[in-house]
Amino acid sequence: MDVLDCISTVARPIHDFGDEFMSAGATAAIGLHAGFGPGRGFYCRGRFGVLGEAPAAVVQAVQGFLGPHLVTAGWLAGRPVMPAQEAAACYAGAVRAWGRAHIPAGVDVERFNHLAQQLIDAADGDALPLFAGWRAQPCPGDDPAGAAMQRLHVLREHRGACHLAAVRLCGLSARAAMVINLGVEQATRYGWDEPQPVAAALSSRWQRAEQLTDELQAPLYASLTGPQRTEFAQLVQAWTGRGASADTLSPQ
């Protein structure tokens, strides 16, 4: 399988499976059990806790695609519950629990772990701090299904970080990219207050950003052989139950 074909095949399944985890009631329940209140405290403090005790404005700048008020409120709400690195470890535990519960029986998670780690090791983390933070998060060796989900999450963070860089390089704000990609109503759901429609002429910039995101991910997938890329794509599809799709991704 060609590098770009592999990327286009796995991008949406990886994104959507991670999105399901982030929005699941079971994930929220882990946060509640850990002491986080209802809302975005566990999500923000847990997902972005790999950045350390950063000011909310820095967290917002790193993650980009969620509205600043949503991120600030969630980050500050989670701060009294536990330190950032502890929250990240708790969130990683929730990631792994989701994997153990939702990876279908019969998927070769050991092989997925081998190929996914090869991709992760091949990545250049420069200018991708959220990805770098998650790559540095310890991943247990005695929990293959949980480790597979954590590696999938790390790969999801890589694409998200690459996409934020690509969007800005193409002259778009994160807010504009969300409106172009998802529409005004959905952009509001992701925390943008009263987003306005974006000029149609800017859509070509977003399409270029999508292409550039694939190009930024290409060195990872070039680290696999053609047969390995085919195998990795098949594992992702078997795991998530999804094939490639031309639908847009919500880059958060």
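Remember, predicted model here, so these are calculated numbers, not experimental data. Within any chain, residue numbers begin from 1 and follow the written order of that chain's sequence. Local features in this predicted model are restricted to residues of pLDDT 70 or higher, and side-chain atom pairs are both shown and tallied only at a pLDDT of 80 or more, whereas totals for entire chains, interfaces and linings draw on every residue. Just so you know, side-chain values use all the structure's heavy atoms and leave hydrogens and water out.

A.B. asks: So what exactly am I meant to see when it comes to the packing of helix α2 (residues 25-34) against helix α6 (residues 84-102) here?
C.D. replies: Packed helices, taken two at a time, are described by the angle their axes make and the gap between the axes. Running from N to C, α2 and α6 cross one another at 145°; their axes reach a closest spacing of 10 Å. Seen from above, α2 lies across α6 with right-handed handedness. Here Thr27, Ile30 and Ala34 of α2 come into contact with α6, specifically with Cys90, Ala94, Ala97 and Trp98. Following the grouping adopted for this structure description, the nonpolar residues are Ala, Val, Leu, Ile, Met, Phe, Trp, Tyr, Cys and Pro, the charged ones are Asp, Glu, Lys and Arg, and the polar ones are all others, Gly among them. A per-class count over the contact of α2 with α6 returns six nonpolar, one polar and no charged. The angle between two axes is taken between their N-to-C directions and runs from 0 to 180 degrees, where each axis is a line fitted to C-alpha atoms and a helix contributes only its stretch in contact. Comment: elements are numbered from the N terminus, with helices defined as DSSP H or I runs of at least four residues and strands as E runs of at least two. Handedness of a crossing is defined here by the sense of rotation of the near helix relative to the far one, left-handed for an anticlockwise turn of less than a right angle and right-handed for a clockwise turn. Only heavy atoms matter for contacts: two residues are in contact if any of them lie within 4.5 Å across the pair.

A.B. asks: Before we go on, may I ask you to explain helix α12 (residues 203-222) in this structure?
C.D. replies: Between its terminal C-alpha atoms α12 stretches 29 Å, which fits the 28 Å expected from 20 residues at 1.5 Å a residue. At any given residue, the bend is defined as the angle formed between two axes, one fitted to the seven residues that end at that position and one fitted to the seven that begin there. Along α12, the sharpest change in direction is near 30° and occurs at Leu216; proline Pro219 comes one to four residues later. Exposure is judged per residue with a 1.4 Å probe applied to protein chains only, and the accessible area is read against the type maximum: over 50% gives exposed, under 20% gives buried, and values in between give partly exposed. Taken residue by residue, α12 has Trp206, Ala209, Leu212, Thr213, Asp214, Gln217, Ala218, Leu220 and Tyr221 as its buried positions. Contacts from the buried residues of α12 go to α1 (3-23), α7 (109-122), α9 (144-169), α10 (174-182) and α13 (226-240). A helix is expected to reach a length of 1.5 Å times the quantity of its residues less one.

A.B. asks: Would you take a moment to explain the nonpolar core for this structure?
C.D. replies: Looking at soluble globular proteins, one finds that nonpolar side chains tend to be buried together. One finds Phe112, Tyr221, Phe232 and Trp239 to be the most contacted residues of the largest nonpolar core, which totals 79 residues. Per-element accounting of this core gives the leading share, eleven residues, to α9. Leaving out residues up to four positions away in the same chain, Tyr221 has contacts with Val3, Cys6, Ile7, Val10, Ile14, Leu119, Arg229 and Phe232. The term nonpolar core refers to a set of buried residues drawn from Ala, Val, Leu, Ile, Met, Phe, Trp, Tyr and Cys, joined through side-chain atoms within 4.5 Å.

A.B. asks: Honestly, the side chain of Arg47 in this entry has me stumped. Any pointers?
C.D. replies: Residue placement: Arg47 occurs in helix α3 (residues 41-47). Accessibility expressed as a relative area gives 4% for Arg47, which makes it buried. We define a polar contact as two N or O atoms separated by no more than 3.5 Å, with the added condition that, inside protein, one atom must be a possible hydrogen donor and the other a possible acceptor, whereas residues neighbouring each other in sequence contribute only through side-chain atom pairs. For Arg47, the side chain forms a polar contact with the side chain of Tyr43, separated by 2.5 Å. Engagement of the side chain of Arg47 in a polar contact is seen with the side chain of Glu157, the distance being 2.8 Å.

A.B. asks: Got a minute to help me understand the packing of aromatic side chains in this structure?
C.D. replies: Aromatic rings considered in pairs are described by the distance between their centres and by the relative angle of their planes. Side-chain rings of Phe, Tyr and Trp, where Trp is taken by its six-membered ring, are said to pair if the distance between their centres is within 6.5 Å; with planes under 30 degrees apart they count as stacked, over 60 as edge-to-face, and otherwise as tilted. According to the stated counting rule, one finds eleven aromatic pairs in the structure shown. The interplanar angle of 45° and the centroid separation of 5.2 Å between the aromatic rings of Phe36 and Phe42 together place this pair among those described as tilted. Across the pair, Phe42 and Phe36 agree in class, each one buried. Relative to Phe48, the ring of Tyr43 lies with its centre 5.9 Å away and its plane at 75°, an arrangement referred to as edge-to-face. Here the two residues Tyr43 and Phe48 agree in accessibility, since each one is buried.

A.B. asks: Hey, could you run me through the environment of Val154 in this one?
C.D. replies: Structurally, Val154 is set in helix α9. Separated by 136 residues in sequence, Val154 and Gly18 place their C-alpha atoms 9.9 Å apart.

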